[in-house]
Amino acid sequence: DAGVIQSPRHEVTEMGQEVTLRCKPISGHDYLFWYRQTMMRGLELLIYFNNNVPIDDSGMPEDRFSAKMPNASFSTLKIQPSEPRDSAVYFCASSDSGLAGSNEQFFGPGTRLTVL
Amino acid sequence: RKEVEQDPGPFNVPEGATVAFNCTYSNSASQSFFWYRQDCRKEPKLLMSVYSSGNEDGRFTAQLNRASQYISLLIRDSKLSDSATYLCVVRDTGRRALTFGSGTRLQVQP
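Residues numbered from 1 in each chain as written. Chains lettered and ligands numbered in written order. Predicted model: local features only at pLDDT ≥ 70, side-chain atom pairs only at ≥ 80, totals over all residues. Heavy atoms only, no water.

Q: Honestly, the overall build of chain A in this entry has me stumped. Any pointers?
A: Of the regular secondary structure elements, chain A holds zero helices and 11 strands. Starting at the N terminus and walking to the C terminus, you meet the elements of chain A as β-β-β-β-β-β-β-β-β-β-β. Since a compact globule built from 116 residues should have a radius of gyration of about 13 Å, the 14 Å found for chain A is in line with a globular shape. Counting all 116 residues of chain A, 47% fall into the buried class. Considering only intrachain contacts with a sequence separation of at least 6, the fraction spanning at least 24 residues in chain A is 54%. (Helix = DSSP H or I, 4+ residues; strand = E, 2+ residues; numbered from the N terminus. Rg over C-alpha atoms; globule rule 2.2 N^0.38 Å. Buried < 20%, exposed > 50% of the residue type's maximum accessible area, 1.4 Å probe, protein only. Contact = heavy atoms within 4.5 Å.)

Q: Honestly, the nonpolar core in this entry has me stumped. Any pointers?
A: Generally speaking, soluble globular proteins have nonpolar side chains that are buried together. Within the largest apolar cluster, 23 residues are counted, with the highest numbers of intra-cluster contacts made by B:Phe21, B:Trp35, B:Ile71, B:Leu73, B:Ile75, B:Tyr86 and B:Leu106. Sorting the residues of this core by element identifies strand E3 (19-25), strand E4 (30-38), strand E5 (44-50), strand E7 (60-65), strand E8 (70-75), strand E9 (84-92) and strand E11 (104-109) of chain B as the ones contributing at least two each. Ignoring any residue separated from it by four or fewer positions in sequence, one finds B:Ile71 in contact with B:Phe21, B:Asn22, B:Cys23, B:Tyr25, B:Phe33, B:Trp35, B:Val50, B:Gln63, B:Leu64, B:Cys88 and B:Val90. Within the second largest apolar cluster, 21 residues are counted, among which are A:Val4, A:Ile26, A:Trp34 and A:Cys92. (Core = buried A, V, L, I, M, F, W, Y, C linked by side-chain atoms within 4.5 Å.)

Q: Got a minute to help me understand the interface of chain A and chain B in this structure?
A: It is common to give the size of an interface as the accessible area lost on bringing the parts into contact. Between chain A and chain B, the residue contacts involve 18 residues of the former and 14 residues of the latter. Here chain A meets chain B over a buried area of about 1500 Å², counting both sides, of which 50% is carbon and sulfur. Where chain A packs against chain B, one counts one salt bridge. Across the pair A:Asp56 and B:Arg95 runs a salt bridge, and its minimum N-O distance is 2.9 Å. Inspection of the chain A/chain B interface yields seven residue pairs in polar contact (both at pLDDT 80 or more). Listing elements by their share of the side of chain A that touches chain B, those giving two or more residues are strand E4 (31-38) and strand E5 (42-50) of chain A. Per-element accounting of the side of chain A that touches chain B gives the leading share, four residues, to E4(A). Here the residues of the side of chain A that touches chain B sort into nine nonpolar, six polar and three charged. (Buried area = accessible area lost by both parts, 1.4 Å probe. Salt bridge = Lys/Arg side-chain N within 4 Å of Asp/Glu carboxyl O. Polar contact = N/O pair within 3.5 Å; in protein donor to acceptor, adjacent residues only side chain to side chain. Nonpolar A, V, L, I, M, F, W, Y, C, P; charged D, E, K, R; others polar.)

Put into structure tokens, the structure is as follows:
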């Protein structure tokens, strides 16, 4: 069974450009999370969804960041316009809240974003 | 003050050594506790959950002290393959998201 899939794996862009990160959660999982990891701040939650509905977006840094989950198998995180301080690894994770699920969060391989 | 605090290390230990990592959390409403492992340039992966009574998984033992808001991880008979960053993780009551410590880096040397 495929794990969480993220694309692209690496993204290099210039300041001011729009960046879109994509995530496909594990099939059947009803929670999806976006995290960001930097050396200075470690791993931080940006936003999470339950059944495609945003539940907590308190970690989204500012209006330049937006996230959507149009269906159960796809989510996007968009940064517009991007800035050098957005450079980080962005992880998507999913989990299953069902009775048979362990609530463990499974992480994708991450997207390494560099904004020049 | 960070919600989850860990000693960043690095801990450099020889193969076969026993090593212990500690972690403190500030939110007394935290409900669930975990240790995740992260290899260099990889995603975090669950190592083990931490239960109030303490739990063991092979060479790994986790302990939780709710009164002191303290979590520990003990690794016995360290292997080269244990070299990684160990992340202390908590989940608050009523919330699904995880709060991560900054991680403790372990380097096991031959």
